[in-house]
Amino acid sequence: MKLPVCWSCQYKYKWAELLLVIEGRKTCPVCSEKQYVTSHSKWLQGFAFVPLILFYWVTVMFMINMSFALYLVIGLLYFAAYWFLILPFQYEFTDEKQQLV
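To start, this report covers the structure provided alongside it. (Residues numbered from 1 in each chain as written. Predicted model: local features only at pLDDT ≥ 70, side-chain atom pairs only at ≥ 80, totals over all residues. Heavy atoms only, no water.)

Moving on: the sheet that holds strand 3 (residues 93-94). Across the sheet, 3 strands lie side by side as 1-2-3; this open sheet has antiparallel pairing. A strand with exactly one partner marks an edge of an open sheet, and here the two such strands are strand 1 (25-27) and strand 3. (Pairing = 2+ DSSP bridges. Helix = DSSP H or I, 4+ residues; strand = E, 2+ residues; numbered from the N terminus.)

All right, on to helix 1 (residues 39-61) then. One full turn of an α-helix is made of 3.6 residues, so residues set three or four places apart face in the same direction. With 23 residues, helix 1 extends 33 Å between its outermost C-alpha atoms, agreeing within 8% with the 33 Å of an ideal straight helix rising 1.5 Å per residue. Residues of helix 1 that are buried make contact with strand 2 (34-37) and helix 2 (68-86). (Expected span 1.5 Å × (residues − 1). Contact = heavy atoms within 4.5 Å.)

One finds Tyr 13, Leu 18, Tyr 91 and Phe 93 to be the most contacted residues of the largest nonpolar core, which totals 19 residues. Taken together, the elements giving at least two residues each to this core come down to helix 1 and helix 2. Looking at this core element by element, the count peaks at 4 residues for helix 1. Dropping the residues within four chain positions of it, Leu 18 is found in contact with Leu 3, Pro 4, Tyr 13, Pro 88, Tyr 91 and Phe 93. (Core = buried A, V, L, I, M, F, W, Y, C linked by side-chain atoms within 4.5 Å. Buried < 20%, exposed > 50% of the residue type's maximum accessible area, 1.4 Å probe, protein only.)

Moving on: the packing of helix 1 against helix 2. Axis separation between helix 1 and helix 2 bottoms out at 11 Å; the angle between their running directions is 155°. With respect to each other, helix 1 and helix 2 are oriented roughly antiparallel. Crossing angle aside, the handedness with which helix 1 passes helix 2 is right-handed. Contact with helix 1, carried on its side by Gln 45, Ala 48, Phe 49, Leu 52, Phe 55, Tyr 56, Thr 59 and Val 60, involves Tyr 71, Ile 74, Gly 75, Tyr 78, Phe 79, Tyr 82 and Ile 86 of helix 2 and no other residues of that element. Taken together, the residues that form the contact of helix 1 with helix 2 break down as 12 nonpolar, 3 polar and no charged. (Axes fitted to C-alpha atoms, helices over the stretch in contact; angles between N-to-C directions. Parallel < 35°, antiparallel > 145°, perpendicular 65-115°, else oblique. Left-handed = near helix turned anticlockwise from the far one by under 90°. Nonpolar A, V, L, I, M, F, W, Y, C, P; charged D, E, K, R; others polar.)

This brings us to the packing of aromatic side chains. This model, assessed by the stated rule, comprises 5 aromatic pairs. Both rings, one in Tyr 11 and one in Tyr 13, keep their centres 5.4 Å apart while their planes meet at 75°; by these two values the pair is edge-to-face. Here the two residues Tyr 11 and Tyr 13 agree in accessibility, since each one is buried. Between Tyr 13 and Phe 93 the ring centres are 5.3 Å apart and the planes differ by 55°, which places this aromatic pair in the tilted class. Note that Tyr 13 is positioned in the segment before strand 1 and Phe 93 in strand 3, a separation of 80 residues in sequence. Here a set of aromatic residues connected by ring pairs shows up, and it is made of Tyr 11, Tyr 13, Tyr 91 and Phe 93. (Phe/Tyr/Trp six-rings, centres within 6.5 Å; stacked < 30°, edge-to-face > 60°.)

Written out as structure tokens, the structure is:
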């Protein structure tokens, strides 16, 4: 797994820079060109999230005596793991906004 690069200047993004990609857009810190997340990248992010949700559901389903607070904490930990460990490595950028088809 590699971190994405700028489509214009080939700047390799740092992990921390990719934690806040708002509405599928990012501006390159070197050349100031707008970066748009590709539709292929969006599909990959969705496919990576589905097994995580299924694993969470199965894990919680077999824990019978569990408080709502513990259920919430486990859910937040799963989401944080996805956000910090998987998502930044699945971005690919292009120069124009693409439709998710």
